[in-house]
Amino acid sequence: MDGERVLGVDACKKGWVGVALAGGRLEAYFATHIEDLVSRAEADGEVGVVAVDMPIGLPDRGRRRADVLTRLEVGPRRNSVFMTPSRPALEAGDHVSAVAINNRLAGEGVSRQAFALREKLLQVDEWVRRLRRRVVEVHPELCFARLAGSPLPHAKSTWAGVEHRRALLASAGIAIPGDIGMAGETAGVDDVLDAAVAAWTARRVAAGTARPLPDPPEVFGDGLPCAIWA
């Protein structure tokens with residue numbers, strides 16, 4: 001399984017950034033739509049597993065266990081784990097309506113940060129249904145915590161946080177070169193690191209060593225298995 005090509009994907013301000021791994025080889029990609037990103041990666045070789053930092057499986061009401069369990073495990077980084085709004089709230093046309101709907105269905109509102117992800121989240125929700133390859137949801141802070149053996153002490157926006165994450169990836173054989181093309185020119189440093197650790201998890205999924213939270217995954221009305229893998 002070490003040679004199977006896998007792809008880690010993270011949303012960034014201008015679209016999506018991806019890191020593909022195959023053995024010791026690393027390639028980075030950028031695109032404005034996730035489907036285009038995966039297509040560009042697959043033009044360089046078949047991808048066995050895609051790991052995406054975006055919710056897959058939207059609740060009809062209430063909270064997803066995946067979010068609750070992940071927030072507990074990442075400890076000091078818990079604020080980076082948004083509670084995924086209900087599907088009806090995400091399908092609302094504006095933030096005010098989404099808050100009202102989610103309060104009724106989940107007993108809590110929807111943060112502006114979470115609602116800002118609405119377009120990309122629904123993009124993944126539509127895209128993942130048309131695929132035949134394996135796609136799993138990840139959260140980078142959970143991936144890094146599993147890689148480190150404990151939650152990370154520093155935020156990814158700090159120098160200490162960036163250096164710690166780069167060192168952890170390097171210890172797993174994932175050395176990100178200085179020049180990664182358009183991905184490096186377009187995505188933020190934290191986005192590239194998040195995509196890289198998502199690829200680390202995709203490699204673990206391919207090898208059968210990753211585990212989902214929860215185990216087994218939940219299934220909501222959309223029929224998609226809902227779990228965060230690491």
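Residues numbered from 1 in each chain as written. Predicted model: local features only at pLDDT ≥ 70, side-chain atom pairs only at ≥ 80, totals over all residues. Heavy atoms only, no water.

## A word on the side chain of Arg-77
By the secondary structure assignment, Arg-77 is in the loop between α2 (65-73) and α3 (87-90). Although Arg-77 lies buried, it forms no salt bridge, and the closest oppositely charged side chain, Glu-141, sits 4.8 Å away as judged by the N-O distance. Not counting residues up to four positions away in its chain, the partners in contact with Arg-77 are Glu-141, Leu-152, Pro-153, His-154, Ala-155 and Arg-165. (Helix = DSSP H or I, 4+ residues; strand = E, 2+ residues; numbered from the N terminus. Buried < 20%, exposed > 50% of the residue type's maximum accessible area, 1.4 Å probe, protein only. Lys, Arg positive; Asp, Glu negative; His and termini not counted. Salt bridge = Lys/Arg side-chain N within 4 Å of Asp/Glu carboxyl O. Contact = heavy atoms within 4.5 Å.)

## Points about the pattern of salt bridges
The final tally for this structure, using the stated rule, is 15 salt bridges. Of the charged contacts, one joins Arg-5 and Glu-27 as a salt bridge, the two residues approaching to 2.7 Å between their closest N and O atoms. Taken together, the residues Arg-5 in the segment before β1 (6-12) and Glu-27 in strand β3 (residues 25-31) connect sequence positions 22 residues apart. Its relative accessible area of 15% is what places Glu-27 among the buried residues. Across the pair Asp-222 and Arg-87 runs a salt bridge whose closest N-O atoms are separated by 2.9 Å. Of the two residues, Asp-222 sits in the loop between β6 (212-219) and β7 (225-229) while Arg-87 sits in helix α3, which places them 135 residues apart along the sequence.

## Topic: helix α10 (residues 189-207)
In this model α10 runs 27 Å from its N-terminal to its C-terminal C-alpha over 19 residues, within 8% of the 27 Å that 1.5 Å per residue would give. The buried fraction of α10 amounts to 14 of the 19 residues, a majority that puts the element mostly inside the structure. Of the residues one or two after α10, Gly-208 is the one with positive phi, at around 80°. (Expected span 1.5 Å × (residues − 1).)

## Quick word on the sheet that holds strand β4 (residues 49-52)
Either a parallel or an antiparallel arrangement is found when strands of a sheet pair, and the pairing is made through backbone hydrogen bonds. Overall, mixed pairing links the seven strands, which are arranged β3-β2-β1-β4-β5-β7-β6 in an open sheet. Every interior strand has two partners, whereas the edge strands, β3 and β6, have only one. Pairs of neighbouring strands in the sheet enclose a mean axial angle of 25°, with direction left out of account. Note: β4 against strand β5 (residues 134-138), four bridges, orientation parallel. Bridge pairing in β5 links Val-49 to Arg-134. Here helix α1 (residues 34-42) sits on the sheet in contact with β1, β2 (15-22), β3 and β4, set at roughly 150° to β3. (Pairing = 2+ DSSP bridges. Axes fitted to C-alpha atoms, helices over the stretch in contact; angles between N-to-C directions.)

## Brief notes about the side chain of Arg-5
Looking at Arg-5, the relative accessible area reads 9%, which means it is buried. Of the polar contacts made by the side chain of Arg-5, one reaches the backbone oxygen of Ala-41; its length is 2.7 Å. Polar contacts involving the side chain of Arg-5 include one to the main-chain carbonyl oxygen of Gly-45, which spans 2.9 Å. (Polar contact = N/O pair within 3.5 Å; in protein donor to acceptor, adjacent residues only side chain to side chain.)

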